[in-house]
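Spelled out, the chains give:
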Amino acid sequence: MKLSQRLDQLAPYLFVEINKKIAEKRTRGEEVISFGIGDPDIPTPDNVIEKLCSAAREPANHRYPETEGLPALRQAMAAWYHRRFGVTLDPNSEVLPLIGSKEGIGHISFCLIDTGDVALVPDPAYPVYSVSTKLAGGEPYYLPLKEDNAFLPAFDDIPSDILARSKVLWLNYPNNPTGATADVDFFKRAVEFAAKHDLAICHDNPYSEVAYDDYKPVSFLQADGARGVGIEFHSLSKSYNMTGWRIGMAVGNAGMIDALKRFKSNLDSGIPQAIQHAAIEALSGPQDAIAAHNTIYQRRRDLVTDVLNDIGCHVYTPKASLYVWAKVPPGHTSLEFSTDLLEQVGVLVIPGTGYGPSGEGFVRLSLTLHDAALVKALSKLSSWQDSHNRFKSKR
Ligand SMILES: *Cc1c(COP(=O)(O)O)cnc(C)c1O
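A. Highlighting the environment of glutamine 385. Within the secondary structure, glutamine 385 sits in the segment after helix H14 (371-382). Residues glutamine 385 and glutamate 139 lie 246 residues apart in sequence; the distance between their C-alpha atoms is 42 Å.

See the structure below:
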């Protein structure tokens, strides 16, 4: 059998490679604690599970769902956006439920990109923006997210011949992996830039509810003119610890929403309806779980930050997201440092280069390790000795 050439463009997904490394170590009987994948360890709130169970018993929910989701779900999503961001959305034309936001992020490229088109993709970034661009026949052009620009892309640095071929601008704040945030002013500049160069903006916003120290992340749609040029992806995965249930949404520009709906209606048959009812409960029911979860993540963030600073990693304390983006100690590359930690103390952190070349010099730690594992991991981390540097840390 001969597989399609399309598949040749798929580098092994970062986490597949890393999981292989862990498996090898564990086969040798060595313990590995992983700060790898960002997947909340805290369970889905009880009220949501109760709704899922009762909805599963309803025969109406055993049949094919509609691609565009239940009207009540789209209304709940629009109402949530209004309560949370003051953004008014038409539930019929500006809201589309997704089988997790990754699904929509993957499929939107097929609605916007033709062979040879360019998508402007941040570097480092969640890998799906560039992968879906390539699968659709396009080319990603990477926008470095640099420390000295607060991990925001510098639009002025994009060459004009690239801009002329560009159709899409991907953005993601609060950012994975850097933990950086952006304000409405930044999104205004992005909207003006997109309008000037006829780009569609896709803003990925799964971490808007995971925030610390009273910081409230914004929506891209709060910027004037945003829905004229783009959509925002949102997800219940990180907001309500529902990664396993697979439900998210795209909201904003009606033309882009309609295109995505048409594309999807030919490929999938919607989200299982019991899960849609659970999502309505999550979005419309009590919201106190969010603050409770953030308290837990914030405490972990502070513990992780302290230990990292102690072993010589400079940390950008994140105001939001599930990640700590730490500068590796001088004299190491990202990969050397993370391999060293894995080999010496059995702790896995993700090399920044796994998210793009501009991730060099950094590693990412996820805050989704449950407390018992975290305590153990931190004690292992703090035992790390920097054998490459003559100057040992002050401990
Ligand atoms: C977790 C994550 C997603 C995917 O969320 P799902 O809705 O579970 O598919 C999308 N983008 C980024 C940046 C993420 O970290």
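B. Examining the sheet that holds strand E6 (residues 200-204) more closely. Reading across the sheet, the seven strands line up as E2-E8-E7-E6-E5-E3-E4 and stay open at both edges, with mixed pairing between neighbours. Looking at strand neighbours, the two that pair on one side only are strand E2 (95-98) and strand E4 (139-144), the edges of this open sheet. Averaged over neighbouring strand pairs, the angle between their axes works out to 25° when direction is ignored. Bridging between E2 and strand E8 (residues 248-252) involves four bridges; their strand directions are antiparallel. Note on E8: the bridge partner recorded for leucine 96 is alanine 250. Strand contacts of helix H3 (residues 71-85): E2, strand E7 (230-235) and E8, with the helix running at about 110° to E2, the strand carrying the most contacts.

C. Geometry of the packing of helix H4 (residues 101-112) against helix H10 (residues 254-265). Here H4 crosses H10 at 100°, and the two axes come no closer than 9 Å. Relative to H10, the element H4 is oriented roughly perpendicular. Two secondary-structure elements touch here, H4 through Glu103, Gly104, His107, Ile108, Phe110, Cys111 and Leu112 and H10 through Met256, Ala259, Leu260, Phe263 and Lys264.

D. Structural context of the confidence of the model for the protein. In this model, the protein carries an average pLDDT of 94, and 97% of its residues clear a pLDDT of 70 or more. Every residue in residues 390-395 scores below 50 in pLDDT, and together they form eight contacts with partners more than four places removed in sequence or on other chains.

Reading guide: rules and limits
- Residues numbered from 1 in each chain as written.
- Predicted model: local features only at pLDDT ≥ 70, side-chain atom pairs only at ≥ 80, totals over all residues.
- Heavy atoms only, no water.
- Helix = DSSP H or I, 4+ residues; strand = E, 2+ residues; numbered from the N terminus.
- Pairing = 2+ DSSP bridges.
- Axes fitted to C-alpha atoms, helices over the stretch in contact; angles between N-to-C directions.
- Contact = heavy atoms within 4.5 Å.
- Parallel < 35°, antiparallel > 145°, perpendicular 65-115°, else oblique.
- pLDDT = per-residue confidence, 0-100.

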